[in-house]
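An overview of the molecular structure
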Amino acid sequence: MTPRAMKPSDGVAWVTGGSSGIGAALAKRLAGQGWTVVISARSADKLETIAAGHSGKGHIIAHAVDLTDAKGVEDAVKAIEAAHGPIGLAVLNAGIYLSINAENPSFEDYKKTFDVNLSGTAACLCALTPRMSARRTGQIAIVSSATSFGGMPTSSAYGASKAALVNMAACLRIELHRYGVLCQVITPGFVETPAQDDNAFPKPFMVSAETAAKRIASGLRSKRFEITFPRRFTWALKAIYALPYGWSLGLVRKQTGWDKPAN
Ligand SMILES: NC(=O)c1ccc[n+]([C@@H]2O[C@H](COP(=O)([O-])OP(=O)(O)OC[C@H]3O[C@@H](n4cnc5c(N)ncnc54)[C@H](OP(=O)(O)O)[C@@H]3O)[C@@H](O)[C@H]2O)c1
């Protein structure tokens, strides 16, 4: 069975991190395409508001779960499939950004970042890949970031977690192919969401959550491995990181204003 992009008739869509930002916008977009979309996050109230506020094509259903609880994630997937049918498409989007300052780093912030972004995604994969492989069909898209391409100041936890997710998706892309399951990775540039509120970086070519959702939904209908946008930003960044480290890291240091001496 050759992996293929799933359609609403293949099952329900599950979007983690669906209570705000990119996840909420994507859930609305997929529902508009006729999908029944189950959204998960910790904030049950926010999920219910989004689900209740949706009108038009498709349905949005709230199912709260904390992804740092692997048993809770397994139970959630079991409950979603029992109530609504097989998960055809999973977009593993939940993630957090915590700024790490090298002058005063917090081990707790490193750990929190890895717990949500990496272990949380792994918990979802452990619940999903056995089910999808057994069914010989399915589609999983993991939300990484353009930060995964190379080093960025203050992102030593976030960037490391997002680079690991690209590798995780690439390994699974190879493995899941023979089970008919499509695996993709999503590497957005800057998207205007609550996650960006505390981020003091320059944010060139930032797009709205709705534009991000449109790009992701279009990429999900294709079979390509990487869904990246806005391409004028992410391709330029890839080109910079293709340079020798001495040049690329120096260029990023200058562009982000980290070339000034510390006070
Ligand atoms: N915004 C950007 O510029 C940008 C760029 C590249 C990649 N991304 C990635 O895109 C994804 C979505 O980001 P966003 O900007 O839309 O951020 P956001 O608005 O802050 O949304 C993050 C989502 O993750 C959920 N979440 C956080 N911790 C969780 C946990 N322990 N268990 C379950 N859900 C949890 C949050 O809900 P609760 O707090 O209710 O749990 C929320 O729904 C993230 O993976 C992010 O790294 C964002």
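Residues numbered from 1 in each chain as written. Predicted model: local features only at pLDDT ≥ 70, side-chain atom pairs only at ≥ 80, totals over all residues. Heavy atoms only, no water.

1. A word on the site of the ligand
Of all residues adjacent to the ligand, which total 31 residues, the nearest are Ser20, Ser43, Tyr158, Thr193 and Gln196. Ser43 is positioned with one of its side-chain polar atoms (N or O) 2.3 Å from an oxygen atom of the ligand. Here Leu67 contributes a backbone N or O atom positioned 3.0 Å from a nitrogen atom of the ligand. Considered on its own, the ligand offers 880 Å² of accessible surface; in the complex 92% of this is hidden by protein. When atoms are counted within 2 Å of each cavity's grid points, the one that captures over half of the ligand is the largest pocket. Of all the secondary-structure elements, those providing two or more residues to the shell around the ligand are helix H1 (21–32) and helix H5 (158–177). Here the residues of the shell around the ligand are counted per class, giving 14 nonpolar, 14 polar and three charged. (Near = heavy atom within 4 Å. Polar contact = N/O pair within 3.5 Å; in protein donor to acceptor, adjacent residues only side chain to side chain. Areas by Shrake-Rupley, 256 points an atom, 1.4 Å probe, with all protein chains shown as cover. 1 Å grid on protein atoms, 1.4 Å probe; cavity = no way out; pocket = protein on both sides within 12 Å on 5 of 7 lines; lining within 4 Å. Sits in = over half its atoms within 2 Å of the grid points. Helix = DSSP H or I, 4+ residues; strand = E, 2+ residues; numbered from the N terminus. Nonpolar A, V, L, I, M, F, W, Y, C, P; charged D, E, K, R; others polar.)

2. Topic: the UniProt feature "domain: Ketoreductase" (unreviewed entry) in the protein chain
Feature annotation in UniProt places "domain: Ketoreductase" (unreviewed entry) on residues 11–189, given in this structure's numbering. Here residues 11–189 is 48% helix and 19% strand, with 30 Å between the C-alpha atoms at its ends. (UniProt positions renumbered as here; feature names shortened; annotations may be inferred.)

3. A short note on the pairing of strand E4 (residues 87–92)
Where burial is concerned, most of E4 is hidden: six out of the six residues are buried. Relative to E4, strand E1 (residues 12–16) runs parallel, the two being bridged by four bridges. Residue Trp14 lies in a different strand from E4, and its bridge partner there is Ala90. Where E4 lies against strand E5 (residues 138–143), four bridges are found, and the strand directions are parallel. (Buried < 20%, exposed > 50% of the residue type's maximum accessible area, 1.4 Å probe, protein only. Pairing = 2+ DSSP bridges.)

4. Some remarks on the packing of aromatic side chains
Counted according to the given criterion, the structure contains four aromatic pairs. Look at Tyr97 and Tyr158: their rings are 5.3 Å apart centre to centre, the planes differ by 80°, and that puts the pair in the edge-to-face class. In this pair, Tyr97 sits in the loop between E4 and helix H4 (107–135) while Tyr158 sits in helix H5, placing the two residues 61 residues apart along the sequence. A residue is classified by how much of its surface remains accessible, and Tyr158, at 16% relative accessible area, is buried. Feature note: the residues Phe190, Phe205 and Phe233 constitute an aromatic cluster, connected by ring pairs. Just above the ring of Phe149 sits the side chain of Lys238; from NZ or CZ to the centre is 4.5 Å. (Phe/Tyr/Trp six-rings, centres within 6.5 Å; stacked < 30°, edge-to-face > 60°. Lys NZ or Arg CZ within 6 Å of the ring centre and 35° of its normal.)

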